[in-house]
Amino acid sequence: MAFPVVLLASPRSFCAGVERAIDIVARLLDQRGGPIHVRKQIVHNTHVVAELEARGAVFVDELDAVPDGATVVFSAHGVSPAVREEAARRGLEVIDATCPLVTKVHAEAKRYAARGDTVVLIGHAGHEEVEGTLGEAPEQTVLVQTVADVAALEVADPGRVSYLTQTTLAADETAEVLAALREKFPALRGPSAADICYATTNRQEAVRDVARDADLVLVVGSANSSNSVRLVETARRMGTSAHLVDRVSDIRAEWLDGARVVGVSAGASAPSWLVDEVIEALGAWDVQVRETARETIQFTLPAAVRKGPGQS
């Protein structure tokens, strides 16, 4: 195609929770050398994982692959209490890279369950974050994914129901499910602020902004990244053709046919250099940044990986 205009969504790429998680593993490798074991992918991006593996990180599915007494990092998506108990039983040194916003959801799950509520978690089955949250109070927590799930839901006491959400959901779809919950359970209680994290919401709004004026939207991110997939869905709900690309080689020529304006964004776990590659490959004659929010949030690192006093 002939050199499209690129509308570059902002914010895009890494969020504070992702930066913190990657920094934790990188610092451990700098300070101690490899191997450093990490339960699950530290964040859902194939390139981040490959880079850390090359430096000595060892990613494992479960703790039984970690030697007794070794150091293990819990990923940004969080773990259930059962995983923490297993780590303690095996004498593992745990460095927790769970995003603080996910930790907040876990705390809410425990609080709601302790007051006797049925806790309804809106999220995607099988996602690591969801599995961890469900583990906080498994006998009192139920997962719903759709409005149909809500319609079929039965609880012990309709007057004692609370809700939580996975942090990486699409805000508009979640609103539909939540509306159905409120209609079915008028006494429904939940967090004072939405669990969908600021970074997810900001990136979705930025994609909506570029999708209004683009013929095509390319979202940089891996297929197992929930927030990246939600960005593609967000653009498509705007009526704009959109595709997820793990890197520039995934772009198909037929997508670009007739596309004079291409929107580009990246999920919260995708490195910015991948976005740079895509823009270079497009050969755009004009790159316009569309900023819809400015992010200044930073999260403190665990004490175990800080190099000196005052560092965070």
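Named according to an unreviewed UniProt entry, the protein chain is 4-hydroxy-3-methylbut-2-enyl diphosphate reductase originating from Saccharothrix saharensis. On record in UniProt, under Function (unreviewed entry), the comment for the protein chain is "Catalyzes the conversion of 1-hydroxy-2-methyl-2-(E)-butenyl 4-diphosphate (HMBPP) into a mixture of isopentenyl diphosphate (IPP) and dimethylallyl diphosphate (DMAPP). Acts in the terminal step of the DOXP/MEP pathway for isoprenoid precursor biosynthesis." Quoted straight from UniProt, the Sequence similarities (unreviewed entry) entry for the protein chain says "Belongs to the IspH family."

Engineer: Kindly report on the overall build of the protein chain, identifying the contributing residues and their values.
Structural biologist: In terms of regular secondary structure, the protein chain is built from 11 helices and 12 strands. Here the C-alpha radius of gyration of the protein chain, 21 Å, is about what a compact globule of 312 residues would show, namely 20 Å. Dimensions of the protein chain, computed from the C-alpha atoms along their principal axes, are close to 60 × 55 × 35 Å. Within the protein chain, the proportion of its 312 residues that are buried is 52%. In the protein chain, the share of contacts with a sequence separation of at least 24, taken over all contacts with a separation of at least 6, comes to 75%.

Engineer: Go over the side chain of Q166 with me, naming the residues and quoting the values.
Structural biologist: For Q166, the position within the fold is in the loop between β8 (161-165) and α7 (171-184). Of the polar contacts made by the side chain of Q166, one reaches the side chain of T168; its length is 2.9 Å. Not counting the four nearest positions on each side in its chain, Q166 is found in contact with L121, I122, G123, H124, H127, E129, V130, I196 and S226.

Engineer: Tell me about the sheet that holds β8, residues and numbers included.
Structural biologist: If you trace the three strands from one edge of the open sheet to the other, you get β7-β6-β8, paired in parallel fashion. In this open sheet, the two edge strands, each paired with only one partner strand, are β7 (141-144) and β8. Each adjacent strand pair in this sheet contributes to an overall mean axis angle of 25°, direction not counted. Relative to β7, strand β6 (residues 118-122) runs parallel, the two sharing four bridges. Looking at the pairing, V119 lines up with T141 of β7.

Engineer: Report on the environment of A125, specifying residues and quantitative values.
Structural biologist: Tracing the backbone through its elements, the reader meets A125 in the loop between β6 and α5 (128-134). Placed 81 residues apart in sequence, A125 and H44 show a C-alpha to C-alpha distance of 16 Å. Among residues more than four places away in sequence, those in contact with A125 are L143 and Q145.

Engineer: I'd like a rundown of the pairing of strand β3 (residues 57-60), residues and numbers included.
Structural biologist: Both strand β2 (residues 36-39) and β3 contribute to a ladder of four bridges, which runs parallel. Each bridged residue has a counterpart across the sheet, and for R39 the counterpart in β3 is V60. Remark: the β2/helix α2 (residues 46-55)/β3 crossover connection has right-handed handedness.

Engineer: Would you mind going over unusual backbone geometry in detail, with residue names and values included?
Structural biologist: The linkage connecting S10 with the following residue, P11, adopts the cis geometry, with an omega of 10°. With respect to the secondary-structure elements, P11 resides in the loop between β1 (5-10) and α1 (16-32). Along the chain, G34 connects to P35 via a cis peptide bond; the corresponding omega equals -5°. Tracing the sequence through the fold places P35 in the loop between α1 and β2. Of note, S13 is a non-glycine position whose phi angle comes to about 60°, a positive value. Its place among the elements puts S13 in the loop between β1 and α1.

Engineer: Quick one: what's the story with the pattern of salt bridges, residue by residue and with numbers?
Structural biologist: Opposite charge on two side chains allows them to pair when their charged atoms are near. For the structure shown, the criterion picks out 22 salt bridges. Salt-bridge contacts for D117 lead to R160; the nearest nitrogen and oxygen are separated by 3.3 Å. Of the two residues, D117 is situated in the loop between α4 (100-114) and β6 and R160 in the loop between α6 (147-152) and β8; the sequence distance between them amounts to 43 residues. When its relative accessible area of 1% is taken as the criterion, D117 is described as buried. Of the residues examined, R160 reaches a relative accessible area of 31% and is grouped as partly exposed. In this structure, R237 and D172 form a salt bridge, with 2.8 Å as the shortest nitrogen-oxygen distance. Of the two residues, R237 is situated in helix α9 (residues 226-237) and D172 in helix α7; the sequence distance between them amounts to 65 residues. D172 gets classed as partly exposed once you look at its relative accessible area, which sits at 30%. Because the salt bridges share partners, they merge into one network encompassing R115, D117, R160 and R189.

Reading guide: rules and limits
Residues numbered from 1 in each chain as written. Predicted model: local features only at pLDDT ≥ 70, side-chain atom pairs only at ≥ 80, totals over all residues. Heavy atoms only, no water. UniProt positions renumbered as here; feature names shortened; annotations may be inferred. Helix = DSSP H or I, 4+ residues; strand = E, 2+ residues; numbered from the N terminus. Rg over C-alpha atoms; globule rule 2.2 N^0.38 Å. Buried < 20%, exposed > 50% of the residue type's maximum accessible area, 1.4 Å probe, protein only. Contact = heavy atoms within 4.5 Å. Polar contact = N/O pair within 3.5 Å; in protein donor to acceptor, adjacent residues only side chain to side chain. Pairing = 2+ DSSP bridges. Axes fitted to C-alpha atoms, helices over the stretch in contact; angles between N-to-C directions. Right-handed = clockwise from strand over helix to strand, strands pointing away. Salt bridge = Lys/Arg side-chain N within 4 Å of Asp/Glu carboxyl O.

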